[in-house]
Amino acid sequence: MTQAVQEALEGGTTYFAMNEKAILLAEQIVNAVPSADKVRFTSTGTEATLYALRLARAATGREKIIKFEGGYHGMHDYALMSLKPSRTADYPHPIPDSRGIPKAVEESMLLAPYNDLEYVTSLIEDHREELAGVIVEPFQRIIPPAPGFLEGLREATRTHDIPLIFDEVVTGFRLAYGGAQEYYGVQPNITTIGKIIGGGFPMAAITGSERYMAEFDPAGPEEPLLQIGTMNGNPIAAAAGLASMEVLKRPGTYERLHEISNKISGALGSAAADLGIPARIVGDGPVFDLVFTDKPVNNYADYLASDRDKQAQFLLNMRNHGVLKDSKFYVSIVHDEADVDLSAEAFSKALADLDH
Ligand SMILES: Cc1ncc(COP(=O)(O)O)c(C=O)c1O
C-alpha cells in the first residue's frame, strides 16, 4: 500500500475534480457491497452519515429519523443523540450528547433500544407518516444483532417504503468483504462506509440503490442534492483504499481473520474465566470486547449496567502490558499466531492486576 501511495503522490495530492483512482475505487465498492449501485465520496464517516440522513429526507419528503441508543454515526448534530448518555432515555426521546445542538434537531430524531424489534416496529408504525428513515449500525459497536432483528427491521421499513440506512463505517470490508450486509444477509437502501476504504487516509462514502442515489444526480428530474467537498475522492486516499482492497480480496482473507480473531477473543474469555471474573466476550469476529457483567449484553442499557470502571482499568492495564486497546478490540489481517500468544499473556496479566 505504501508503494501505491508513493506512486500516486507523483501525480499530485489533490485535484478536487473526479479522478481515475476514485472511479476505480467506486467500482470496487459497487462490486463488493451487495446493495451498492452508485457511490458518492466524502472524507469522513461523519459527513457520510450526515448526507445519508439528508438523502433519506429528500427522497421521502419527510423529516424524522429513527436512531438507536448507543449507536455511533459520527459527530454531527443528528448523530449526537443518545450516543453515550449516562442514563437510558425516555424512549423515543433522545438525550443530546453535546451542548450547542439546536432543539429542532433533537425533535427531529426518534430513539429506540437496539435489538428490540417489537419496540422499533411499533415506533415505525406510529410515525410512518413523518418518518424519513432509520439509521442503524447493523452490528452496534460491539453488540451483534439478535437473530431476526435486522431482518425484522428490513421488513418493517420495507412495508412503509421507509429507507433503511446501514452505517457500515466500521463493519464495511471488516466482518466480510461485502460488510455486515453480506455477513448477516440483510440489504439496506443506503449504506455509509469509511475507514478501510481509505486504507488509513481520509475517505468515506455514501452508497445505495439507484433509486436513492439518483437524488444526487445533476441530470436527474429533481433538483439534485448538493454534495461537494474539496477532499472528496482524494486520489491519494483512493490509491490507498484500492491497494487495501487488493489485499482484502485475496482468497481466504476473511476466513483467516475470523480464525485469528476467535483465538484472541477466546483467549480473553478464558483468561477471565480462569480468574473467576464475572465478565463476557461481546462481539463478532474481529470486533469485540470483554464486558464486566454476568448478564447478556443486547443493547446500550445492558452495557451501561456493566462494571465500566473495571473496564477502564482493564484498558489501562492492557496498555501497561503492551497491547493497545481503546473502546474495543479490533483484529487486523496482519495479526498472526504470535499475536495470539502475546495477547493471551497480556490478558492474563491485565486481568490479574485488576482490583478485586
Ligand atoms: C459506525 C461509525 N459511523 C461513523 C463514524 C464517523 O466516522 P469519522 O470518524 O470518519 O467521522 C464512525 C467512526 O468511528 C463509526 O464508527
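Residues numbered from 1 in each chain as written. Predicted model: local features only at pLDDT ≥ 70, side-chain atom pairs only at ≥ 80, totals over all residues. Heavy atoms only, no water.

## Regarding the layout of surface pockets
This is how it is decided: Here a cavity denotes a set of grid points, spaced 1 Å apart and computed over the protein atoms alone, in which a 1.4 Å probe fits but from which it cannot get out, and a pocket denotes an open set meeting protein on both sides within 12 Å along at least five of seven lines; residues with an atom within 4 Å of a point are reported as lining. Grid points are joined across faces, edges and corners, and a volume is the space filled by probe spheres set on the points. The secondary structure listing takes helices from DSSP runs of H or I that are at least 4 residues long and strands from runs of E that are at least 2 residues long, numbered from the N terminus.
Of the volumes computed, that of the largest pocket is approximately 1,200 Å³. Lining the largest pocket are 44 residues, and of these R141, D326, S327, K328 and Y330 sit closest to its centre. Counting residues per element, the lining of the largest pocket draws most heavily on helix α12 (residues 308-320), which supplies four residues.

## Some points on the site of the ligand
Defined as follows: A cutoff of 4 Å decides nearness: a residue is near a molecule or strand if any of its heavy atoms lies inside that distance of it. Under this definition, polar contacts are N or O atom pairs within 3.5 Å; protein pairs additionally need one hydrogen-donor-capable and one acceptor-capable atom, and for neighbouring residues in sequence, both atoms have to be side-chain atoms. Each accessible area value is a Shrake-Rupley result obtained with a 1.4 Å probe; residue values ignore everything except the protein chains displayed when judging cover. Each molecule is checked against the cavity or pocket grid, and it sits inside if more than half of its atoms lie within 2 Å of the grid points. Residues are sorted three ways: Asp, Glu, Lys and Arg are charged, Ala, Val, Leu, Ile, Met, Phe, Trp, Tyr, Cys and Pro are nonpolar, and all the rest, Gly among them, are polar.
Near the ligand the following residues occur: T44, G45, T46, Y72, H73, G74, E137, R141, D167, V169, V170 and K195. For the ligand, an oxygen atom lies 2.7 Å from a polar atom in the side chain of K195. Notes on the ligand: free accessible area 390 Å², of which the protein chains cover 81%. Counting atoms within 2 Å of the grid points, the majority share of the ligand lands in the largest pocket. Tallied by class, residues from the shell around the ligand come to three nonpolar, five polar and four charged.

## A short note on the sheet that holds strand β9 (residues 287-291)
Heads up, the rule is: DSSP calls a pair of strands paired once it identifies at least 2 bridges connecting them.
Reading across from one edge, β8-β9-β10 is the order of the three strands in this open sheet, with antiparallel pairing throughout. Since the sheet does not close on itself, it has two edges, and those belong to β8 (280-284) and β10 (329-330), each with one partner. With five bridges connecting them, β8 and β9 associate as antiparallel partners. Its bridge partner being in β9, D284 is matched across the sheet by V287.

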